[in-house]
Amino acid sequence: MRIINFETGGSPGIAADEGSGWHGLTQRDGGFPGTLPELIAQGADLLRIGRSLGQSPAVDLNAVRLLPPVPVPPKILAVGLNYDDHLKESGLKKPDYPEIFARFATSLIAHQEPIRRPRESTALDYEAELAVVIGKPGRRIPREQALDHVAGYSLFNDASLRDFQLRTPQWTMGKNFDGTGSFGPWLVTPDAVPPGASGLRIQGRLNGRVMQDSRTDLLIFSVATLIETISVAMSLERGDVIITGTPGGVGAARKPPVFMKAGDIFEVDIEGLGVLTNPVQDD
């Protein structure tokens, strides 16, 4: 099942699609169950609520404004260097431990919103990634129970300012410019994909040209491993987002480098999840 977080006419809404098209409600309607972020924060049964929305009016996605599935997550935890081909093009050895860094909600944008290239840099790179939304809180979560803590999966473009990223060993600045973290278009519940969203083809396309092409079973650290590892240090909360890493083919590794510029369109395509599309504009 796919579930969207949207607004129309200034009113928040929620809609679901289980194969028969989008149906949903806005806050103005009777029986509105709450927004998707609110329901995740409450630990609600998303499948049950989504099925109940199937009896609601049809929703035209072209007539509403889509929002990120969770616009203000408690934490956004991203993983670097999590595919062998990306390690190879980066000239680095396979890590024994995941490279974890933070993104912040001020960087997030939704499907079809413009990725903004800041005036301070021309090194705006793309990164197609699988995103995981936490639905059940926990600390020191065993790997065999980790997937029970997933509310659903989505798509992410971890767009990065490479010059700022590589100025220091800490990647925070280059990964957190406003308008660079594209997230959506919707949340896909775990029943709709293989366990851990493994084995799905993932592509990144720049102006229709395939730049990245891999599969999620090639993650060095799987979704379950990441949940186990991260939760050793910190409690995972409902609504937290884990961005699992990008495959090879990034622009900075190409000769000559290929960076995004105003007028470009980048798509993240993950089998079974959908396509996340964003134009690029100068900030």
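The structure this text deals with has already been given above.
All values reported here derive from a predicted model rather than from experimental measurement. (Residues numbered from 1 in each chain as written. Predicted model: local features only at pLDDT ≥ 70, side-chain atom pairs only at ≥ 80, totals over all residues. Heavy atoms only, no water.)

Caption draft 1: Highlighting the nonpolar core. Formed by 51 residues in total, the largest nonpolar core has its most connected members in Tyr153, Ile227, Ile242, Met260, Ile270 and Leu273. Apart from the residues within four sequence positions on either side, methionine 260 is in contact with Ile115, Arg117, Leu124, Asp125, Tyr126, Ala159, Leu206, Phe266 and Val280. Grouped together as the second largest cluster of nonpolar side chains are 28 residues, Leu25, Val70, Ile76 and Phe183 included. (Core = buried A, V, L, I, M, F, W, Y, C linked by side-chain atoms within 4.5 Å. Buried < 20%, exposed > 50% of the residue type's maximum accessible area, 1.4 Å probe, protein only. Contact = heavy atoms within 4.5 Å.)

Caption draft 2: Focus on the packing of aromatic side chains. If you walk through the whole model with that rule in mind, you get five aromatic pairs. With a centroid separation of 5.5 Å and an interplanar angle of 40 degrees, the aromatic rings of tryptophan 22 and tryptophan 186 are classed as tilted. Separated by 164 residues along the polypeptide, tryptophan 22 in the loop between strand 2 (11-17) and strand 3 (23-26) and tryptophan 186 in strand 13 (residues 181-188) bring together distant segments of the chain. Both residues of the pair, tryptophan 22 and tryptophan 186, count as buried. Directly above the ring of tryptophan 186 sits arginine 2, whose terminal nitrogen or CZ lies 4.4 Å from the centroid. Here arginine 167 stacks its cationic end above the ring of phenylalanine 164, 4.1 Å away from the centre of that ring. (Phe/Tyr/Trp six-rings, centres within 6.5 Å; stacked < 30°, edge-to-face > 60°. Helix = DSSP H or I, 4+ residues; strand = E, 2+ residues; numbered from the N terminus. Lys NZ or Arg CZ within 6 Å of the ring centre and 35° of its normal.)

Caption draft 3: Examining the pairing of strand 10 (residues 128-134) more closely. In terms of burial, strand 10 is a largely internal element, seven of the seven residues being buried. Burial along strand 10 is two-sided: the face carrying Ala128, Leu130, Val132 and Ile134 and the face carrying Glu129, Ala131 and Val133 are both buried. For strand 10 and strand 11 (residues 150-158), the ladder comprises seven bridges, and the chain directions are antiparallel. Note that in strand 11 the partner of glutamate 129 across the bridge is phenylalanine 156. Sheet analysis places strand 10 next to strand 16 (residues 241-243), joined by three bridges and oriented antiparallel. Looking at the pairing, valine 132 lines up with isoleucine 242 of strand 16. (Pairing = 2+ DSSP bridges.)

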